[in-house]
Structure formats: C-alpha cells, structure tokens
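# Observations on the model geometry
If you want the building blocks of each chain, they are given just below.
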Amino acid sequence: MIRIFVLMVFLFLYAPIAFVIASSFLDNGSFTLKWFEKVFEDYKVIRAFSNSLILAIASTFFSVILGTAAAYAYIRTKMSFESLFYTPVVIPEIAEALSLLLFYNLLSFPLGFYSVLLGHIAFNVAFVFVIVKARLAGYERSIEEASLTLGANEIQTFLRVTLPMAMPGIIAASLIAFTLSWDNFIKTVFTTGPGFQTLPMLIWSQAVRGVVSPSLNALATLMLLISITLAYLYIRVSTKRE
Amino acid sequence: MRYFAYPAIVYLIIFFYLPFFIVVLYSFGFPNFDLKYYFDVMKPIYFKVLLDSVILASITTVLCFLIAYPVAYYIALRAKRWKNFLLVLIILPFWISLLLRTYAIMSILSPLGLMFTFAAVVIGMVYDYLPFMVLPIYASLEKIKRAQIEASFTLGASPWRTFIKITFPQSMPGVVAGVILVFIPALGEFVVPSMLGGTYTTIGTITWDLFLRYHDWWRGSAISIIYMTIIFAALAVYMKKAGRIEI
Amino acid sequence: MVEFAVELEGVSKRYGNFDAVRNVNLSIRKGEFFSLLGPSGSGKTTILRLIAGLIFPDEGRIKLTGKDCTFVPPYKRNIGMVFQDLALFPHLNVFENVAYGLRIRKLPESEIRKRVYECLEIVNLDPETFAKRRINQLSGGQQQRVAIARALAIEPAVLLLDEPLGSLDLKLRQHMMAELKRIQKNVKTTFVYVTHDQTEALVMSDRLAVINRGRVEQVGSPIEVYERPRTRFVAEFIGEMNFIEADVCEDRLISDIGEIRAKVEGFKKVVLGIRPEKVKIGSKAENVFRGKIEEMLYLGGLVKLNVNVNGVRIKCLTSYNGFKEGEEVEIGWNSEEAIILEA
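Model, not experiment: these values are computed from the prediction. (Residues numbered from 1 in each chain as written. Chains lettered and ligands numbered in written order. Predicted model: local features only at pLDDT ≥ 70, side-chain atom pairs only at ≥ 80, totals over all residues.)

### With respect to the overall build of chain C
Regarding its fold elements, chain C presents nine helices and 20 strands. For chain C, the proportion of its 343 residues judged to be buried stands at 39%. When contacts within chain C are restricted to residue pairs at least 6 apart in sequence, those whose partners lie at least 24 apart make up 65%. (Helix = DSSP H or I, 4+ residues; strand = E, 2+ residues; numbered from the N terminus. Buried ≥ 20, exposed ≤ 12 C-beta atoms within 10 Å, placed from the backbone. Contact = placed C-beta atoms within 7 Å.)

### Let's talk about the overall build of chain B
A count of helical and extended segments in chain B gives twelve helices and zero strands. Helices and strands appear in chain B in the N-to-C order α-α-α-α-α-α-α-α-α-α-α-α. Taken along the three principal axes of its C-alpha coordinates, chain B extends 70 × 60 × 35 Å. Expressed as a percentage of its 247 residues, the buried residues of chain B come to 43%. For chain B, restricting intrachain contacts to residue pairs at least 6 apart in sequence, the fraction spanning at least 24 positions comes to 74%.

### Digging into helix H6 (residues 170-187) of chain C
Residue and element names in this part refer to chain C. Here H6 is 18 residues long and its end C-alpha atoms lie 26 Å apart, about the 26 Å a rise of 1.5 Å per residue gives. Contact partners of the buried residues in H6: strand E3 (33-37), helix H3 (109-122), helix H5 (140-153), strand E8 (190-195) and helix H7 (198-204). The positive-phi residue at the C-terminal boundary of H6 is Lys188, with phi of around 60°. (Expected span 1.5 Å × (residues − 1).)

### With respect to the sheet that holds strand E20 (residues 339-342) of chain C
Residue and element names in this part refer to chain C. What the five strands build is an open sheet, ordered E13-E12-E11-E14-E20; its pairing is antiparallel. With one partner strand each, in any of the chains shown, strand E13 (258-261) and E20 form the two edges of the open sheet. Sheet twist, expressed as the average angle between the axes of neighbouring strands with direction ignored, equals 40°. (Pairing = 2+ DSSP bridges. Axes fitted to C-alpha atoms, helices over the stretch in contact; angles between N-to-C directions.)

### Details of the domain arrangement of chain C
All names here are of chain C. Each domain of chain C was delimited in the assignment, giving domain 1 (4-236) and domain 2 (240-342). Its C-alpha centre places domain 1 at a distance of 39 Å from the equivalent point of domain 2. Among the residues forming the side of domain 1 that touches domain 2, the class breakdown is two nonpolar, one polar and three charged. (Domains from an automatic or database assignment. Nonpolar A, V, L, I, M, F, W, Y, C, P; charged D, E, K, R; others polar.)

### Some remarks on the arrangement of the chains
Ranking by contact count across two pairs of chains in contact places chains A and B at the top. Nowhere do chain B and chain C come into contact; their C-alpha atoms are at least 16 Å apart.

### Details of helix H2 (residues 94-104) of chain C
Residues and elements named next belong to chain C. Three or more residues of H2 are buried, namely Val94, Asn97, Val98, Ala99, Tyr100, Gly101 and Leu102. Looking at the buried positions of H2, the neighbouring elements they touch are H3, helix H4 (127-130) and H5. In the stretch just after H2, Lys106 is the one whose phi turns positive, near 60°.

Quick look at the structure:
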C-alpha cells in the first residue's frame, strides 16, 4: 500500500521534469533538435550563460577560501562565532536580497556584475563554512599532533596533513557553492543592473507570463543536465572513502 | 590560528549584517525618524497580504508533511534494495533550481489549463518544497534502531501502536526541522506565486513590487522587518523546545 | 654521560580552576620502560603531553636528555608519540605514514626506504605485503603496529605511548604487551607508557609511577610498588588489599579484629594493609584470628574467601581445600608481610 503511494509521489516529482525534457526533443510529434539549435544561436542565451558561469566560478572561488579558513579556525580554536555563519543560511533569500539592494543604493554602488558577485559570496561563505566544518569535525586533533611529533611544524602539517584530509569536504562545498550561485534568481535579480543577465533571469523573463515554449524547454533541459552532472559529482565526492 | 576566520567574519559583517541594519533604519523612516511606515503596513490591504502568505505557507507545510512523512518512513524503514536509489532521487531536486522546477510544473499545468488559480500555486509550492520536508524526517527516522521496534513487538504492541508510541515520537525533531525548512521560506516565496498565480499576492510578491517596481524602500523595509520578526519568533520557540538547529 | 632521558622538575599544569598536574617530579632513565599508571582523569596523559611538547607547563621545568626543553615545540624535540586513537594519516598508505617523519627531515630516498622497511620488520609487519596498503585495509592490531613503526622511524630518544592498547580485545592486548616489551628491548629506546590498566604496567615496566589527582603517589619497580605500597591509594589501586584500621599501643596494634603484632613508630592511628594472597588459613602464623567464611568464590584451583572476623571482612586468596560457606576458620599472617599505612 505504502509502496504505491511512494511510487505516485516520485512520479509526481519527476513527471514534470521528464515532460520538459521530452518536449524539448519534439516538434509536433517528431523528434528534432531544432529547439536546441535555436538556443545555441540565441546571442542572449550565450551571454547569459557566460555571465552565469563567470559569476559562479568567482563566487565559489572566494567563498571557499574564506569559508574553509573560517571553518578551520573554528575547529582548532573552538571560538564560538559559528552562529554568525548560521544566520545567512536560515534567513529567507528575499530578505537578504532586498537588504543588499538597500545597501548598494545607500552607497551609490553601481549595480551590475560586482554587486551581484559580492552578494553571492556573502551567502556562499556561510554555506561553505557549515559544510566544511561538519567534514573537519570528523577528524581528530591527534592526527595533526602526530604530525607535529614527527617533526613537521604547523605550516608543514597544514599543507601535508590537514589540507589533503579536508579536500573532499572542500570539493563538496565548492560544488554546492557553485550550484547555489549558478541557480540563483532572487538575490541576483535584486542586485543586478542593466546589461547583466544570468541564465535564471533569462528563463524567468521568458516564462513569467505563464509562457511555456519549446525553446525554453530546450534551455531548461540543458540546465537540468548541468544540475544533474553537478549532483552526480557531489555524490561521488561525498561517498568516496579515503 | 583564530585570525583565519577574520576575513570571513568581516566579510559577513559588511555584506550581510550591515545591510540588515540598513533595512531596520529604512523601516523606521531613514533618513528621518518616522513610525508611519509600520502603521501603513498594518493597514488592511497589507495585512491581507500577510494573512494570505501565512495561509499559503501553512497549507503548503501541512500538505508537504502529509505527503512527505510516508515517503520518508518508507525509505528509512521499509525500502531495502532501493533505499540508496530513492535517497538519490529525493536529493536530486535540491540540485535543480527552484526556478527550473517551477517551470517544469508549469509546463504540465499550462496545457491542463490550471494556471493562475490558487490550486496551481499550492501545487507548485508543494512540488517545490516537498524534498525539504522529506529529508529531515528521513534523517530522524533513520536514527531509530530496528531493535527498538522489535522490542516493542515482543512486548505485545501492534505495528500501529508501535508507530504511535515509539516511531513517531522519535521522528519529531525531524518533523519540526522539516516544518521550519518549509514554512519560513514558503512565507517569503516569490517565484511560485508570480509564475503560477498571476495576480496572487504574497509577502514575496509585494516585497518585489515595493522594491523593484516602486522603489519604496521604506514600506518594503517595514514589511520585511515584520516578516523577519515572525520568523525569529518562530525560531525562538523552536530553539527553546529543541535546543539546537540541526543542519 | 647523561643518565636520564626525561626529567620533570616541579611541573604543574592548570586548566582554569582545575589542577591537572601538581608539582610533579620524575626522572626517567635512559633505555627503561617507564609507565605512568593511574585512574582516568589522574593527569597521566597531561604529563605525557607535557613531555611531548603539545602543551606547556605553568610551573616547573622539563628536560630531555639533559637539555631544558620546557617551551620547545614538539617538532623540535626528539620524541616520538603513539596516540590513543593511533592518528594514522588516512590519505597516505602504510609506507608513506612510516616515512612521514623521515621525509620532513629530507633524508635521501634510499635511506628512507631502508628505515621504513626496518621499522616495519621491527613491529613484525612484512614490508613487501604491507607497504602499499591503505590504512583502512588494516586490522586494529596492524594499525597499532604501523603507528609504532611510524614513531620509531625517526629514531626518537623517547617514545611516548598514550594508552595504545585500550581499543584492542583481550587476546590481542596480551599479545601486544609481549610485542611492545620485545620491541623496546630490541631498539633500546626509552618508552614512557601511559595506562590505567595495572596489568599492562606491572607486566611491561622496568619502573612505574602511580599518579593520582595530578600528583605522583609512588615511583618504583613493579615489585616495589606492589609489595611495598607507600600510600593507601597505591595499595588500593594496584592489586587487592585488606585494610584494617587500628590504634597503636606500644609494640602492638589494637583493632576490631583483635591485637596485631607490628612495629610502628610515630603514629597513633594507622591502617594495616595485608594482601589477600598473604592471608593464610590455619594457626601457624604470627597473628591468628578466628572467623567465619561468609562467602566463597571458587576460581578453579584457587578460592577467594570472605572471612568475617568480629564484623570485619577479610579477603583471603588461597588454594582450595574443601572449604564451605559458614565454616569457621583461623586466618593469619606474619608481621613482615603486612604494610603499615597512614590513617
């Protein structure tokens, strides 16, 4: 009994997605790739894609460095500042988004790529901190102490022991930070300026009035593909045993 | 070693906490001081929006709970061979942006002609938020050792009774976490009501309008502060009862 | 010639209000197997970590092979350490774990290989089989040995071991105790071994220090510490002991069980300690008392008897000789077999 229910729920969850993917390959019933062609030919899509990519890479890069360092400091010194990092994770996105907008507005900070990037990093730093902290917590201090007793100083210990052991956690956090930036809509749209558009914004602008179009389906399919790839990488990294 | 954390902390103070402080300032009428925006926002038109948002979020939460609990239960305690696979299927939506998922459900609702109704919004909300409810419940059910259930059987309790007395109570932390993970973001949800509901107004859509269309920083801030006060109140209640937030 | 590998002079360590280690003085000889024995929380691990340089004392000095090392960081001290949870590097294989300290010291590759293979052989792990294995592919006992090999590879003057056998099952523990003793004799390194298990300490040590609440209660060879404990704590912590309170009266002690012959000077009240295996059944001893066997535990060959003498329970360990519960017996001991302790 419960099995049927569960089956229905999963159908409910995945039927729409399957439908979108399927429709992007169909034109009046016959198989076609022309919607994908249209997507790749659309200059706006190409530009939004590269914008999203650069934004995600940059935000991941900075947030991982800041967040990992903070997580390491927390694990080693047990200073109780971690609640500072929890708040951004709990606060609803729209509240963060509007606060950044007001902030930029007050400072007359130009809205565009950088205003979006700075906002993304703030949010991602908190996530990276939480994830890396959880991973690092599993490792006992004694491993670093062992390195010290074997003749390695603090820096050598960090490079030869701590960093390699934290690497899976750092990679996992990077994938999550990348996805959060890549998929982000609300924060981006609140803090962006004219001329800077990301893929989610593009999809939104075309779908907002309830418009479902085949080329939009194709774009959605491509993005789904990217998301699934990232998820797959994450699962590979987080279940890897040293 | 502790200074490793300083860059991140400073960054958060500048780009997260400071902006919030500015929101508070604006809600009180910055650069002047005025409480009128709060009073404005308590007026019936705005209040209705608040109420509608709470109703929508509540319905979403309840429906998510009713649907998610059996699924979480099945994966944690019943599915043997499929467990990992089903887990992956539950986690996967987290990696697909809310926007895409909403678009997907829209592509089904649209040909069915169900767009722009309250039902559409609810369906969209449940569709988007369901995984958030399943995972925490799954996590807390997972922790229950099978031996407890077996012990309960040997002591004479029927499966249903065992569920009520043993399993369900121990899943409460997960349920509460799931409720929080759904209700709070659902309150401020913008994408679903605006894409599927057309003119349906929530805290999310009104914040959007006030900020991005009317540039009304003051009323927008006031509404946001009220919204966040509700959230913190709910969280405070949760913290008192549960102790810590599990992420 | 430097005689002592490790010296602690007046060492104290505080954590907030808590005195973990109080005014500890220890001299550990070169080449000896020295144990720090005590209950949990007694400060023995703190002492070990002070010797390692992982923490620094609030008072006192620490010398390693004669040189003052009180505030020297661990990587500049010539020590090796085996941690309670082993702390092997999960991202390196066995060879690289053992080679770690040697790589830091930038030894030539051929030297490293030689040392690593030597050390693996010392701990009885065949290098060819184990060198390339990953840590999580090893059993508990094998991981133990790798941890020891890794610490020995750098040829430390002192090897510190923090309760390394705690997580092993009984048989393995017994086996490893013999192994550790063998290894220590082989490499002749000074071993400082922390444990709460008296069997480990008594079996393996040349000398041991009994630690209680941050203080050294007694230092001596296993025989000394067992046969001639100097404080009540040591007498009670190691082995089993009967304690009889008594008042001193000239050349005798007056106690609840009767008069006892013993020579005591300088105290009015004392506690007499007598080990159960020294309590004999029969009337042939210097001090004899009558009592009733309240409880008998047959251990196979030996029996443990709880004898009630005037309300005082005396434990007796002796060979089984047809005893029955409820039986009346005579028990006794000679005065030189008893230990007089402060009341």
